[in-house]
Structure formats: C-alpha cells, structure tokens
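An overview of the molecular structure
Chain by chain, the residues:
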Amino acid sequence: MPVSRSERRPTVTVPNILLSGIVGSTAYGLARPGSDIDRLGLFAAPTEELHGLRRPKESHVSTAPDRTLHEAAKWCRLALGGNPTAMELVWLPDDLYEVRSPLGDELIGIRTAFLSAKRVRDAYLGYATQQFRRLETRGDGSFSADTRGRTAKHARHLKRLCAQGLELYTTGRLTIRVEDPDAYHAFGERVAADPSEALPLLRHYEEAFGAGPTVLPDEPDEALVEGWLRRVRAHFLAEAAHSAVGA
C-alpha cells in the first residue's frame with residue numbers, strides 16, 4: 001500500500017471507522033502458524049477539518065496489531081485505480097469484517113462501480129510483475145532460510161494476484177479465499193528453489209488477460225462513487241453540528 005514507514009506507529013484510536021476487516025494471508029486461506037494477522041479499513045475525517053489550512057492525515061498505519069486505515073477519499077482513489085489491496089476490503093467474506101457501519105455497507109453495495117477493464121488488468125498484472133521482479137533478484141535459490149521464505153511468499157502472491165485479477169476481469173466478481181491453498185504453497189516452494197518456475201505462470205495469465213473477454217466497463221462509475229463520498233461528508237458534517245448544538 002502507498003504509505004510511508006514514517007506513518008507506522010503503535011495502534012492509535014481513529015474515529016469514524018466505516019469499514020474494517022482482516023485481510024492478507026488469513027483472508028486468502030494461506031496463513032500458517034506464526035503468520036501475521038493484517039487488518040485494513042477506511043475512516044472518514046471530520047468534514048470540517050477538510051476545509052482548514054492543514055489537511056488531516058490520509059493514512060494511519062500501526063503495529064500490534066498490524067492495521068492500515070485509509071481516509072475515505074484516499075481509499076476511493078486507490079480502488080478506482082484498481083489497487084488490489086484496497087479492492088479486497090469490499091469483497092471480504094462476512095465473517096472477516098470487524099467494523100461494518102451503514103455507510104460501509106453502502107460502499108460494499110456499490111463496489112462494482114470502482115471497476116474498469118484497463119485499470120483492473122494493469123493493476124493486477126502490474127503487481128504480479130513486481131512480485132516476479134523480486135523473484136528474479138533472488139538468484140538460483142541458494143540463500144538463507146529467511147530469504148527462501150520471503151521468496152515463497154512473493155511467489156504465492158504472484159499466483160494469487162494473477163488468479164484473482166483474471167476472475168475480476170472476466171466475471172466482475174472477486175473471490176478472496178483461494179480454492180486450493182496447498183497448491184499455492186507448493187508453487188511457492190518450487191519457485192523458492194528456482195525463481196524461473198514463476199515465468200510460465202505469469203506468461204499464461206498475460207495471455208489470458210489479452211484473450212479476454214471482459215465484463216468490465218471501459219471506465220469506472222465515478223459519479224456513483226462521488227455520490228457515496230458526498231453522503232459521507234454530509235453525514236459527519238450534520239453529526240458535528242448536532243453535537244455542537246447539544247454541547
């Protein structure tokens with residue numbers, strides 16, 4: 001996710017969380033003993049603070065537990081760009097949501113508005129290619145156990161990104177939990193031993209994306225997204241006004 005290391009700090013209280021859930025390897029069904037539990041969510045900055053001289057923080061990234069929260073507008077921009085990590089938040093199985101507000105439910109209800117063919121293809125294949133580039137730098141597999149573990153993890157992510165991206169591209173739906181976790185772990189181990197093993201899979205999915213067809217539109221429905229975001233702003237402006245009257 002596009003957040004800097006300087007933003008990482010112990011968990012802090014963030015108001016107005018609209019949607020939050022468990023993502024990453026736990027959500028994919030790829031977690032093993034000792035795997036981290038990652039959380040992702042979005043929050044609404046107080047509407048009045050958006051009009052001041054200094055903009056409120058757009059992201060809060062904390063540890064213990066590992067959690068990333070993006071401000072609603074930033075999350076929308078990421079999702080409109082096809083960002084795979086942002087996108088999975090609105091496609092989680094119900095049991096993985098930890099916060100689900102009425103406005104969060106509305107967002108889930110319009111999740112297909114964020115989709116467009118080129119952005120989904122470019123984002124998912126782009127992220128998968130990044131994982132492959134990392135694998136290429138790992139040489140012939142003659143490295144430490146820790147590096148081997150990271151290599152296997154990158155390989156699993158490459159395979160997952162390709163499969164999920166193609167599903168989203170061809171069906172307009174995103175299944176977060178992978179069908180056969182053991183196959184992903186086996187692929188990771190093969191690639192950790194020989195990173196070149198990942199290239200045929202990447203080439204296969206590049207061809208599959210090229211062959212299509214896609215059910216996605218050429219452009220996302222930004223008007224629908226804009227309408228949701230304006231309802232968020234209006235809600236918290238009215239809430240602040242009501243609190244001021246009652247004070």
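It should be noted that the structure appears before, not after, this text.
The shown structure was predicted, so the numbers you read here are calculated from the model rather than taken from an experiment.

Summing up its helical and strand segments, the protein chain has nine helices and six strands in all. Across the 247 residues of the protein chain, 46% fall into the buried class. In the protein chain, of all internal contacts separated by at least 6 residues, the share reaching a separation of at least 24 is 78%. Entry remark: accessible area of the protein chain is about 12,500 Å², with carbon and sulfur atoms responsible for 52%.

Our focus in this paragraph is unusual backbone geometry. Each neighbour pair has its own omega, and for Gly212 with Pro213 the value is -5°, a cis peptide bond. Phi at Asn16 takes a positive value of approximately 60°, unusual for a residue other than glycine. Here Asn16 shows up in the loop between strand 1 (8–10) and strand 2 (17–23).

Turning to the layout of surface pockets, a few remarks are in order. Quantified by volume, the largest pocket comes out at close to 1,400 Å³. If you go around the largest pocket, you meet 41 residues; those closest to its centre are Gly24, Ser25, Asp38, Lys153 and His157. Where the lining of the largest pocket is concerned, the elements lending two or more residues are helix 1 (24–28), strand 3 (38–43), strand 4 (59–63), strand 5 (66–71), helix 3 (84–88), helix 5 (117–136), helix 6 (145–171) and helix 7 (181–193). Sorting elements by how many residues they give to the lining of the largest pocket places helix 6 first, with eight residues. In terms of residue class, the lining of the largest pocket is built from 13 nonpolar, 14 polar and 14 charged. Considering only enclosed or pocket space, the second largest pocket measures out at about 220 Å³ in volume. In this structure, the second largest pocket is lined by Ala163, Gln164, Leu166, Glu167, Thr175, Arg177, Val178, Glu179, Asp180, Tyr184 and Tyr205. Element by element, the count of residues in the lining of the second largest pocket is highest for helix 6, at four residues.

Moving on to the packing of helix 5 against helix 8 (residues 198–211). At a minimum axis separation of 11 Å, helix 5 and helix 8 run at an interaxial angle of 165°. Here helix 8 runs roughly antiparallel to helix 5, going by the angle between their axes. Remark: the crossing between helix 5 and helix 8 carries left-handed chirality. Residues Arg121, Leu125, Ala128, Thr129, Phe132 and Leu135 of helix 5 form the contact with helix 8, whose participating residues are Ala198, Leu199, Leu202, Tyr205, Glu206 and Phe209. Taken together, the residues of the contact of helix 5 with helix 8 sort by class into nine nonpolar, one polar and two charged.

Each aromatic ring pair is specified by the distance between its two centres and by the angle formed by the two planes. Scanning the entire structure with this criterion turns up two aromatic pairs. Consider the rings of Trp75 and Phe114, whose centres lie 5.2 Å apart with planes at 75°: the pair is edge-to-face. With Trp75 in helix 2 (residues 72–80) and Phe114 in the loop between helix 4 (102–109) and helix 5, the pair connects residues that are 39 residues apart, well separated along the chain. For Trp75, a relative accessible area of 0% corresponds to the buried category. Taking the centre distance of 5.1 Å and the plane angle of 50° together, the rings of Tyr169 and Phe209 count as tilted. Here Tyr169 is found in helix 6, whereas its partner Phe209 is found in helix 8, with 40 residues between them in sequence. Across the pair, exposure class does not vary: Tyr169 and Phe209 are buried alike.

Moving on, we get to the nonpolar core. Within soluble globular proteins, side chains that are nonpolar tend to cluster in buried spots. Among the nonpolar cores identified, the biggest contains 64 residues, and Leu42, Trp75, Leu107, Phe114 and Trp228 are the most heavily contacted of them. Apart from residues no more than four positions distant in its own chain, Trp75 is found in contact with Leu42, His70, Ala86, Leu89, Val90, Leu107 and Phe114.

A few words on the pattern of salt bridges. As enumerated under the stated definition, the model contains 13 salt bridges in all. Linking Glu58 and Arg77 is a salt bridge whose minimum nitrogen-to-oxygen distance equals 2.7 Å. With Glu58 in the loop between strand 3 and strand 4 and Arg77 in helix 2, this residue pair connects regions lying 19 residues apart in the sequence. Taking relative accessible area as the criterion, Arg77 reaches 47% and is therefore assigned partly exposed. Between Arg203 and Glu206 there is a salt bridge, with the nearest N and O atoms lying 2.9 Å from each other.

The next subject is the side chain of Glu88. Mapped onto the fold, Glu88 is located in helix 3. Comment: no salt bridge for buried Glu88; closest opposite-charge side chain is Arg160, at 4.4 Å.

Cut-offs used in this document
- Residues numbered from 1 in each chain as written.
- Predicted model: local features only at pLDDT ≥ 70, side-chain atom pairs only at ≥ 80, totals over all residues.
- Heavy atoms only, no water.
- Helix = DSSP H or I, 4+ residues; strand = E, 2+ residues; numbered from the N terminus.
- Buried < 20%, exposed > 50% of the residue type's maximum accessible area, 1.4 Å probe, protein only.
- Contact = heavy atoms within 4.5 Å.
- Areas by Shrake-Rupley, 256 points an atom, 1.4 Å probe, with all protein chains shown as cover.
- 1 Å grid on protein atoms, 1.4 Å probe; cavity = no way out; pocket = protein on both sides within 12 Å on 5 of 7 lines; lining within 4 Å.
- Points joined across faces, edges and corners; volume = space filled by probe spheres on them.
- Nonpolar A, V, L, I, M, F, W, Y, C, P; charged D, E, K, R; others polar.
- Axes fitted to C-alpha atoms, helices over the stretch in contact; angles between N-to-C directions.
- Parallel < 35°, antiparallel > 145°, perpendicular 65-115°, else oblique.
- Left-handed = near helix turned anticlockwise from the far one by under 90°.
- Phe/Tyr/Trp six-rings, centres within 6.5 Å; stacked < 30°, edge-to-face > 60°.
- Core = buried A, V, L, I, M, F, W, Y, C linked by side-chain atoms within 4.5 Å.
- Salt bridge = Lys/Arg side-chain N within 4 Å of Asp/Glu carboxyl O.
- Lys, Arg positive; Asp, Glu negative; His and termini not counted.

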